[in-house]
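Spelled out, the chains give:
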Amino acid sequence: MDVVTQMQRQLLQYTSSLFKEGFLDDQFNQLQQLQDESNPEFVVEVVTLFFEDAERLLNELSKSLEQESIHFRRVDAHVHQLKGSSSSIGAQRVQRVCIAFRNFCEQQNVEGCLKSLQEIKQEYSLVKTKLETLFKMEKQLFAAGGSSVSR
Amino acid sequence: MATTKFRHVFGRLWGFATSCKKRTTSSSNSIGTRILQRDVEKEEFQFASTLCLSSYYSVFVVRLAIMVMLAILIGLLTILTWHFTKIYTTKSLNSLAYDLRYELLQRPILRMWNILNSTSEITIAQVKLSQYVIRSHGNLTTQEDQVEMYEAMRAVTWALFASRKALNSITVKYNNGFVQAFHRDIKDNNTFYIYSDLANYSIGASGYNSELNYSSLSSQESSWNDNDNKSTVWYRQPLDPVTGEKIEKAMQIAPEDSIHIAGLSQVPDGVASWRVAVSKFTDSPLLSAALPVWDSSNKSIVAVVGVTTALYSVGQLMKELVELHSGHMYLTSLEGYLLATSTDAPLLDNSTQPPKLKMAVDCENEVIRLGAEYLRRSSGNKFPPSHEVHVANVRLGHDRYYIDSFFLNLKRLPLVGVIIIPRKHILGQVDERAFKTLVILISASMCIIVIGWVCILILTNGVSKEMKLRAELISQLEARRKAEASSNYKSQFLANMSHELRTPMAAIIGLLDILMSDDCLTNEQCATVTQIRKCSTALLRLLNNILDISKVESGKLVLEDAEFDLGRELEGLVDMFSVQCINHSVETVLDLSDDMPKLVRGDSARVVQIFANLINNSIKFTPSGHVILRGWFENPNPCSDNANFLMEEKKLQYAQKTIRAKQHENHAKRTSERDKKAVLWFEVDDTGCGIDPSKWDSVFESFEQADPSTTRLHGGTGLGLCIVRSLVNKMGGEIKVVKKEGPGTLMRLYLRLDTAGDATEQHCLVDIANNGLVVLLALHGNMGRSITSKWLQKNGVFTMEASEWNGLTQILRELFHARSSAGINNGFDVHYPIPESLKSRLLSIQEIRNPVFVIAVDIGLLDLSTDIWKEQLNFLHRYLGLAKFIWVLNHDTSNTIKLELRRKGHMMTVNKPLYKAKIVHILEEVIKERNHEMQKKNMDELHESDYTHCDAASSDDSDISESAPCNPVSSTEKFEQFDLLSRYRINNCLIGLTDEHSEVKTPRKEDSCQNNHNSPKSMSAEQAYFPREAHQGEDSERRGKEEHRIIGGLARPANGKKSLEGLRILLAEDTPVIQRVATIMLEKMGASVVAVGDGQQAVDALNGMLGVEDFRRDSNLNERNTRSSSPQTEILSSPSYDLVLMDCQMPKMDGYEATKAIRKSEVGSGVHIPIVALTAHAMSCDEAKCLEVGMDAYLTKPIDFKLMESTILSLTRRTTS
């Protein structure tokens, strides 16, 4: 039981650090609240969806920005989507970079776009690792017999 | 005058220079002081200053350049003018002068020529005559013949001599030495005949002569000379100058004394000879000509004829000419001897004997001498033949002269004529004029230059001033642009910040709500959390205030136009504030007149905001006393007089108001008359510290507080009243501070609101009069009590008042003991002398037949600090059967008291404040109760059902007021049932209903405000939804007999029924993450969701639905019951949707297009499916776009659970109910 409480504390600390460092925001909480008996894997599912979506979008973005003449509207649409999905899971740092990216898109600033893309990729990989760690910890906790997250 | 002007100009110049200097120094100074400021600013400033300086320098340079150019131009003009006048005049004058001089000289020369000619002619004539005479006397054989010939010769010669008066002498010298001569002495006017002695000459001589005739010329000459040398006797005989008669005897004279006789020597070659001779008889040179007389054979010279002419007349002519023209003339021979001058200077040198001719250079006349010297100098001694000298400007002595010399080339006697004319004579005037002109021109040009400079200085000064002004204007414009930009930034910043700030605030409040709903908090924690909750709410309110201000200021505030119950809103407001007031012992009273229209159209949230701000303000500054919100109605239609009066009143009080405001007023008045807008007057009256009259206007400015210390004492930002005034003005009203008697502030305002429907219809309350009601108001607050009492009395209800316990007991005793005579003695029963007025009232009450006593007892009247209240309660309990008790509770009344009351069967409790609507409800209930006493047995049941209704109403309606009548029909019995409700709730939760409500209410209110900012439309929808929500809640209560509440944005999972149960929602969203999240959220709320990936699919799905719409309607009821059990099959069998959630940006077909398509397909079918936009854009323009294409509401991503729920509910209720 000690192990479980310790793990629980660790998980809580980790989660709160994620919030504190700004990786996640209130929206993630909402997601967690939406998870219940009928959808026990809801958060993981949604986040995985997000990962898939984001990777697809990032690929598209890289491709679009590599082209000679950049189709800024398409780029903007992609970033918009990414912004929407990241905000929906509460990955607010990604979302913030998306906002900046869109501004660059509006100004048709190629350098800014590329810079933002790099930033997004970085933020994305960061949040991905963080979330994966989080899920792993949750899984361990679950396996150890503890109840899920903060209930 | 001139000096002062000059000084002025100089002063200007000096001022200009110094100002330039000053500018440079000051700018450098200020640069120095500003150097610490930000770089940008500094650079800008430097740029501006250098720009300024350079412009000044350029102006300076341009001035200089213009001045110099003007000077050059005028100088050139002067010089040219002078030059042309001078040169051309001089030239023409010179040519004229030349002609004149030439002419002048020509005349003496001509005279000379004439003289020469005449001399020559006479000489030739004499010669011819002599030849004739001599030849006629061919052979002079005898003395007589000879004498005869000489006589003839004499006669002929005399004839000739007499004919020419100008002749000086004619001489004839014969070869034998005989001389015959006539001489005229011009000085004495004597004429002489000079002849030699005839005796000395013989015939032999003639023979000799004849012999000589054949000899050589040289021999002849020698013989003639020999003859001359002989001492001969010459006679001079004066003659009558006219007749030639001898008048005197001949006188012998020496030959040398005689005149010059031309001899053979003068005609050596036999041709005429000319020479200038000098005679002692005249002082002028003589011109003499000599010609030989040949014999008939032309072989020998018989005689020599000589003619001399005085040149005197030439000099005379010269004098005449010179007199006329001034100047000097002279004639010289080629050698330089003076022949004639225009002066009286002697021409002969008398110092020698015989006199000689003078050289011109030796002339006594200075001018002539100098001229001659000059000529000799200029041309050397050798005067060039045919060389004429014309010198225009020669300085001789002190004056300048023209010198011209003409060469007259006479054969044997070349002459040189010289004329010297003083320059002054010809060009004197011209030179003088030229000099004067030059002086005048130069002085004039100097004047012009000076004046021009002054003009330029003045003009350019104006220009530079204008430039300065322009520069300032430009900088002002720049500054304005910057200010506008920064204001734009401000509003953008606020707009951005609104989202950024409120999102975390909403999260904080939501999380706090969650935390507060948690049961396992300790009391301490709960208190802390409550405190945090309050602070957060306050912060959010502040934020909202600031945002409101910026919204109003930017003119973006749009008032919505929806029907609302004004009275209920205000009651809710007063309820809310009464909670606050309790701590201050301030009484909050709502006093609305009966004629107030119940339903009005307008922006209820904003109206509430106005009064909330005002009341809040009043409470803040009122430590004790009361705050009254009065309201009355003014119908503008029948009484234009009244309106005029109002106008006049306004004019008086707002004499300084701007015209615009007046126009606004007039406009408002016109519109109010046209649109039948009601003018609603309100007053907020408090007994606080009041506002200084000088601040009555300024308190409405933003960030303005009457007293700077208020921020410290009471907090606040000074925005509240500013918002109020903006809102009031926006609603066509006005607010001002009005003078009031006594301490405190009286704010009076009026609003123009559309009255909905029949304005007065709702006024008629249930007839509470004539029911024999006697109301005893035992209330603490004086103001509320007296107002209530007055109102009740006005409506025909008998009232009595008691302000404290003793008064109450006294009245009770008087009332009931008089009736029942049942003496009751306990500790509280103290006899007091009853006032006369009360007695009379009691008496009149006793006259009422079958009275119903209603006693409203303020719980504050009981002594709650000790346990005495129980005793007091027991005392009052004794009257339970005799009168209806209404317990007026405070919000913080402890549960023990409530429990005790309930235990004793005092069911009718009501919370403070006691306003009209509550009283009406109570009294109605009392009357109803009396009328249906037989149904009393079923009361519990009735209470039960009423309770459920009320609870639902109050819980769902808590946003607006926790205990306001949510529904005019259904809530009539609410208050009476309040205790039951509370009791019921105690089972679930120990927190009192009122407390909880007061806590819950605020965040909801704030949230709704927030919604309002994001989307006014959804706000209105939400408000429209609330009453229906009440129904819904009621229904669900009735079905489930269980409470359903939404706290902190999450539906309680414990509740069986979910808020969106049975709703079918089509979700169009392309992003899988959002799709998933939204689906789960909606499903969590009980809705069944069909998700599609783009707009096209959504349209397709809906089109399928429209076809089965009719079917759906029919089977609607059945579906409702069965859907929850098998939603999946329902979707398949009947794809009909209650609502569409539409993402705006989607592939294939975006949300806007899809909405348009859906709306298009709906045309004619009468169906309107609610479409809610989902967008990540948080800008209001997107919202406008959404609404424009036909969407009903607007949600921003990330999706807020609660907001989505309320929005969906509001929309679905509207369509399905």
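Since we're looking at a predicted model, the values are computed, not measured. (Residues numbered from 1 in each chain as written. Chains lettered and ligands numbered in written order. Predicted model: local features only at pLDDT ≥ 70, side-chain atom pairs only at ≥ 80, totals over all residues. Heavy atoms only, no water.)

1. Some words on the sheet that holds strand E25 (residues 852–858) of chain B
Whenever strands of a sheet pair, they do so through backbone hydrogen bonds, lying parallel or antiparallel.
All names here are of chain B.
Phase 1: Read from one edge to the other, the open sheet built from five strands follows the order E24-E23-E25-E26-E27, with strand pairing classed as parallel. Each of the sheet's edge strands pairs with one partner strand only, and the pair in question is strand E24 (798–802) and strand E27 (909–911). Ignoring which end each strand starts from, the neighbouring axes of this sheet average 20° apart.
Phase 2: Here strand E26 (residues 883–889) runs beside E27; their pairing, made up of three bridges, is parallel. Bridge pairing links Leu 889 to Asn 911 in E27. (Pairing = 2+ DSSP bridges. Helix = DSSP H or I, 4+ residues; strand = E, 2+ residues; numbered from the N terminus. Axes fitted to C-alpha atoms, helices over the stretch in contact; angles between N-to-C directions.)

2. Some words on helix H11 (residues 604–621) of chain B
Phase 1: When the terminal C-alpha atoms of H11(B) are compared, their 26 Å separation across 18 residues agrees well with the 26 Å that a helix rising 1.5 Å per residue should span.
Phase 2: Among the 18 residues of H11(B), 16 are classified as buried, and the element is accordingly described as predominantly covered. (Expected span 1.5 Å × (residues − 1). Buried < 20%, exposed > 50% of the residue type's maximum accessible area, 1.4 Å probe, protein only.)

3. Observations regarding the interface of chain B and chain A
Phase 1: Between chain B and chain A, the contact holds 22 residues from the first and 24 residues from the second.
Phase 2: Here chain B packs against chain A, burying approximately 2000 Å² in sum over the two surfaces, 60% of which is carbon and sulfur.
Phase 3: In this structure, the connection of chain B to chain A is made through zero salt bridges.
Phase 4: Counting across the chain B and chain A interface gives zero residue pairs in polar contact (both at pLDDT 80 or more).
Phase 5: Every element with two or more residues in the side of chain B that touches chain A is listed here: helix H8 (423–517) and helix H26 (1072–1084) of chain B.
Phase 6: No other element matches the eight residues that H26(B) contributes to the side of chain B that touches chain A. (Contact = heavy atoms within 4.5 Å. Buried area = accessible area lost by both parts, 1.4 Å probe. Salt bridge = Lys/Arg side-chain N within 4 Å of Asp/Glu carboxyl O. Polar contact = N/O pair within 3.5 Å; in protein donor to acceptor, adjacent residues only side chain to side chain.)

4. Some thoughts on the packing of aromatic side chains
Phase 1: Using the criterion set out here, one finds 15 aromatic pairs over all chains in the structure.
Phase 2: The interplanar angle of 45° and the centroid separation of 6.1 Å between the aromatic rings of B:Trp158 and B:Phe161 together place this pair among those described as tilted. With B:Trp158 and B:Phe161 both in helix H3 (residues 143–163) and three residues apart, the pair spans about one turn of that helix.
Phase 3: A residue is classified by how much of its surface remains accessible, and B:Trp158, at 12% relative accessible area, is buried.
Phase 4: For the pair B:Trp681 and B:Tyr750, a centre-to-centre distance of 4.9 Å together with 35° between the ring planes defines the contact as tilted. Pair noted here: B:Trp681 is in strand E20 (residues 677–686) and B:Tyr750 is in strand E22 (residues 746–755), with a separation of 69 residues, a long-range link. Taken individually, B:Trp681 and B:Tyr750 each receive the classification buried, so the pair is uniform in this respect.
Phase 5: Every member of this aromatic cluster is reached through a ring pair, and the members are B:Trp158, B:Phe161, B:Phe182 and B:Tyr193.
Phase 6: Across from the ring centre of A:Phe23, 4.1 Å away, lies the NZ or CZ of A:Arg93, which sits over that ring. (Phe/Tyr/Trp six-rings, centres within 6.5 Å; stacked < 30°, edge-to-face > 60°. Lys NZ or Arg CZ within 6 Å of the ring centre and 35° of its normal.)

5. Quick notes on helix H20 (residues 895–904) of chain B
Phase 1: Considered for burial, the residues of H20(B) that qualify are B:Ile897, B:Lys898, B:Glu900, B:Leu901, B:Arg902 and B:Lys904.
Phase 2: A positive backbone phi angle near 90° is found at B:Gly905, which sits one or two residues after H20(B).

6. With respect to the pattern of salt bridges
Two side chains of opposite charge can pair, provided their charged atoms sit close to one another.
Phase 1: What the rule picks out here adds up to 19 salt bridges over all chains.
Phase 2: Notably, a salt bridge pairs A:Glu21 with A:Lys130, separated by 3.8 Å at the nearest N-O pair. Of this pair, A:Glu21 sits in the loop between helix H1 (2–20) and helix H2 (26–34) while A:Lys130 sits in helix H6 (residues 110–143); the two residues are 109 residues apart in sequence, bridging distant segments of the chain.
Phase 3: Members of the salt-bridge network, linked through shared partners, are B:Arg630, B:Glu683, B:Asp685, B:Lys740 and B:Arg748.

7. Remarks on the packing of H11(B) against helix H15 (residues 720–730) of chain B
Residues and elements named next belong to chain B.
Phase 1: As a packed pair, H11 and H15 sit with axes 9 Å apart at the nearest point and diverge in direction by 145°. Here the hand of the crossing between H11 and H15 comes out left-handed. Contact residues: H11 offers Arg 606, Gln 609, Ile 610, Asn 613, Leu 614 and Asn 617, while H15 offers Gly 720, Leu 721, Ile 723, Val 724, Leu 727 and Val 728. (Left-handed = near helix turned anticlockwise from the far one by under 90°.)

8. Some points on the environment of A:Val43
Residues and elements named next belong to chain A.
Phase 1: In this structure, Val 43 sits in helix H3 (residues 42–66).
Phase 2: Classification of Val 43 as buried rests on a relative accessible area of 5%.
Phase 3: Along the sequence, Val 43 and Leu 31 sit twelve residues apart, while their C-alpha atoms lie 6.1 Å from each other.
Phase 4: In contact with Val 43, not counting residues within four places along its chain, are Phe 28, Leu 31, Gln 32, Gln 35 and Phe 135.

9. Side note on the pairing of strand E21 (residues 734–738) of chain B
All names here are of chain B.
Phase 1: By the criterion of burial, E21 is predominantly enclosed, with five of the five residues buried.
Phase 2: Alternating positions in E21 separate into two faces, Glu 734, Lys 736 and Val 738 on one and Ile 735 and Val 737 on the other, with burial throughout.
Phase 3: Where E21 meets E22, five bridges bridge the pair, whose relative direction is antiparallel. Following the sheet pairing, Lys 736 is matched in E22 by Arg 748.

10. Focus: the UniProt feature "transmembrane region" (unreviewed entry) in chain B
Residue and element names in this part refer to chain B.
Phase 1: In the numbering used here, UniProt assigns the feature "transmembrane region" (unreviewed entry) to residues 60–82 and 438–459.
Phase 2: Its end C-alpha atoms 33 Å apart, residues 60–82 is made of 100% helix and 0% strand.
Phase 3: Segment residues 438–459 splits into 100% helix and 0% strand. End C-alpha atoms: 30 Å apart. (UniProt positions renumbered as here; feature names shortened; annotations may be inferred.)

11. Comments concerning a nonpolar patch on the surface
Phase 1: On the surface, B:Leu80, B:Phe84, B:Ile87 and B:Tyr88 cluster together into a nonpolar patch covering about 380 Å² of accessible area.
Phase 2: Tracing the backbone through its elements, the reader meets B:Phe84 in helix H2 (residues 39–136). (Patch = residues over 30% accessible without salt bridge, like charges linked within 9 Å, V, L, I, M, F, W, Y side chains within 5 Å. Areas by Shrake-Rupley, 256 points an atom, 1.4 Å probe, with all protein chains shown as cover.)

12. Things to note about the confidence of the model for chain B
All names here are of chain B.
Phase 1: Per-residue pLDDT for chain B averages 69, and the proportion of residues at 70 or more is 64%.
Phase 2: Between the elements of chain B, mean pLDDT differs from a low of 35, seen in strand E28 (residues 1046–1047), to a high of 87, seen in E21.
Phase 3: Taken as a whole, residues 638–665 scores under 50 in pLDDT and shows 27 contacts with residues more than four places along the chain or in a different chain.
Phase 4: Two numbers describe this predicted complex: its pTM, 0.38, and its ipTM, 0.73. (pLDDT = per-residue confidence, 0-100.)

13. Details of the sheet that holds strand E9 (residues 328–333) of chain B
Residues and elements named next belong to chain B.
Phase 1: Sheet architecture is open: five strands sit in the order E10-E9-E15-E14-E13, paired in antiparallel fashion. Looking at the sheet topology across the chains shown, the edges are occupied by strand E10 (338–341) and strand E13 (389–396). Between one strand and the next, the sheet's axes are offset by a mean angle of 20°, whatever the strand orientation.
Phase 2: Both strand E14 (residues 399–408) and strand E15 (residues 415–422) contribute to a ladder of eight bridges, which runs antiparallel. Its bridge partner being in E15, Tyr 402 is matched across the sheet by Ile 421.
Phase 3: Along the sheet, helix H6 (residues 312–325) makes contact with E9 and E10, crossing E9 at roughly 155°.

14. Thoughts on the nonpolar core
Considering soluble globular proteins, one finds that nonpolar side chains tend to be buried as a cluster.
Phase 1: By size, the foremost hydrophobic cluster in this structure holds 70 residues, and its most contacted members are A:Phe101, A:Leu131, B:Leu1082 and B:Leu1141.
Phase 2: Per-element accounting of this core gives the leading share, eleven residues, to H3(A).
Phase 3: B:Val574, B:Val600, B:Phe700 and B:Val737 belong to the second-largest nonpolar core, a separate cluster that totals 49 residues. (Core = buried A, V, L, I, M, F, W, Y, C linked by side-chain atoms within 4.5 Å.)

15. Some details on the environment of B:Gln126
Residues and elements named next belong to chain B.
Phase 1: Here Gln 126 is to be found in helix H2.
Phase 2: Take Gln 126: its relative accessible area is 0%, and that puts it in the buried class.
Phase 3: Considering only alpha carbons, one finds Gln 126 and Ala 159, 33 residues apart in sequence, at a separation of 9.9 Å.
Phase 4: Filtering out sequence-adjacent residues up to four positions away, Gln 126 remains in contact with Met 153, Thr 157, Leu 160, Ile 170, Val 172 and Val 305.
Phase 5: Only 3.0 Å separates the side chain of Gln 126 from the side chain of Thr 157, close enough to count as a polar contact.

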